[in-house]
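For reference, the chains in residue letters:
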Amino acid sequence: MQIAAPSLPHLGQSAFPPIPPTQVRRGAGRLSWVCERPEIGGYLRRQREALGLTQEEVALAASTTLSSLRKWEAGLRNPSTEGLAAWCRALNPPDWMLRKIMSLALGDMDTLRAEPWPRTIGREDLDHLESFSGPAFFIRFPHLDVVAANGPARQLIPSLTPADLGPAHPVNLVEWIMTEAARELLVNWRDVAVRVIHALRVMGPGIVPQQRLDEIFNVCHSRSPKDFKRFFATDPVEGERDGDALLMRNLEQGTVDRYTYRSLRPTQPMRPYDVVHLIRSTAPRDAAA
């Protein structure tokens, strides 16, 4: 799912070229996801190119010099707080990109960094999760670890049941999307897989530890190498119709149920996870769509 900028994040050509963090090397029979060091300038350069703007146009809109903008994009110099704000206003990046940029600018105060696993979820937190009448999860972003699920969520997607504190690692949404259970449940599995993998691909580097990225990469690659590599190299198409849809097979009734999802960030009090909840659509829809 597109989590928080992820609005999960559609197969097709994206207006935003994929950030190329993945070269693969082999060692001891395992694969390693070799990521480029994430730079603020790289994200905003790609946003400028996606909008078809020149460096001169962006420099003028951000009230800075062309020389400064070129150095910012190349990662040779970081803008001031005021300069970064003006740069972002000139390019109007999508929410997921803005969150990533802010996390890079904050450095050690990065608000996207989640506490390490395992972590105890308080009883009151679980009470809030159970208060949702529809399926709802606690998901660490951008790791996409599923740390808790309410009753309706466990009933709707039993294969996505979160792990207790015993296992070495939590259940992960990216790893789950590459399972047979996910393929069988989701009619639009390929679209959803692209969104989920994209969310980790663009937000994870520099935030999720390299060892954890490698673990997720290896699990997904072992389950379906060709599909995973193809999805990894594909960007979602911004603004595509049904971009937040999950089309789920209802085996009992022989129908396809359409769900949409939303991601909420707890701010008062702050929590190291997003609340992702699913709503069943009441609009009529052709099951073959």
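Residues numbered from 1 in each chain as written. Predicted model: local features only at pLDDT ≥ 70, side-chain atom pairs only at ≥ 80, totals over all residues. Heavy atoms only, no water.

Asks: What is the right way to read the packing of helix α11 (residues 210–223) against helix α12 (residues 225–232) from this model?
Replies: Put simply, α11 and α12 touch, their axes get as near as 5 Å, and they point 125° apart. For the element pair α11 / α12, the angle class is oblique. Listed contacts from α12 to F217, C220, H221, S222 and R223 of α11 are P225, F228 and K229. When the residues that make up the contact of α11 with α12 are grouped by side-chain class, the tally is four nonpolar, two polar and two charged. (Axes fitted to C-alpha atoms, helices over the stretch in contact; angles between N-to-C directions. Helix = DSSP H or I, 4+ residues; strand = E, 2+ residues; numbered from the N terminus. Parallel < 35°, antiparallel > 145°, perpendicular 65-115°, else oblique. Contact = heavy atoms within 4.5 Å. Nonpolar A, V, L, I, M, F, W, Y, C, P; charged D, E, K, R; others polar.)

Asks: Help me out: how do you make sense of the pattern of salt bridges in this one?
Replies: Side chains bearing opposite charge may pair, as long as their charged atoms lie close to each other. One pass over the full model with this rule turns up 15 salt bridges. When the shortest N-O distance is used, the salt bridge between E49 and R45 registers 3.2 Å. Within this pair, E49 and its partner R45 are both found in helix α1 (residues 40–51), separated by four residues, close to a single helical turn. Note that D227 and R230 form a salt bridge whose closest N and O atoms lie 3.1 Å from each other. With D227 and R230 both in helix α12 and three residues apart, the pair spans about one turn of that helix. For D227, a relative accessible area of 15% translates into the label buried. (Salt bridge = Lys/Arg side-chain N within 4 Å of Asp/Glu carboxyl O. Buried < 20%, exposed > 50% of the residue type's maximum accessible area, 1.4 Å probe, protein only.)

Asks: I'm lost on the nonpolar core in this one. Help?
Replies: A general tendency of soluble globular proteins is for nonpolar side chains to be buried together. Counting residues in hydrophobic clusters, the biggest one holds 56 residues, and the most contacted among them are L44, W87, F137, L144, W176, I177 and L278. Ranked by residue count, the leading element in this core is helix α10 (residues 189–203), at ten residues. Residues within four places of W87 in sequence aside, it is in contact with I40, G41, L44, V58, A62, L69, W72, E73 and P79. If you look at the next biggest cluster of nonpolar residues, it comprises eight residues, including I121, A136, V147 and V275. (Core = buried A, V, L, I, M, F, W, Y, C linked by side-chain atoms within 4.5 Å.)

Asks: What's the story with a nonpolar patch on the surface in this structure? I'm lost.
Replies: A cluster of nonpolar side chains, contributed by L98, M102 and L106, occupies part of the molecular surface with about 220 Å² of accessible area. Note on placement: L98 falls in helix α5 (residues 95–106). (Patch = residues over 30% accessible without salt bridge, like charges linked within 9 Å, V, L, I, M, F, W, Y side chains within 5 Å. Areas by Shrake-Rupley, 256 points an atom, 1.4 Å probe, with all protein chains shown as cover.)

Asks: Would you mind going over unusual backbone geometry with me for this structure?
Replies: Excluding glycine, a negative phi dihedral is what most residues carry, and trans is how most peptide bonds are arranged. Between F141 and the following residue, P142, the backbone shows a cis peptide bond with an omega angle of 10°. The phi dihedral of N92 falls on the positive side, at around 45°, and the residue is not glycine. Note on placement: N92 falls in the loop between α4 (81–91) and α5. A relative accessible area of 62% places N92 in the exposed class. Of note in this structure, L144 is not a glycine but carries a positive phi near 65°. Within the element layout of this structure, L144 appears in the loop between β3 (136–140) and β4 (145–149). Given a relative accessible area of 0%, L144 falls into the buried group.

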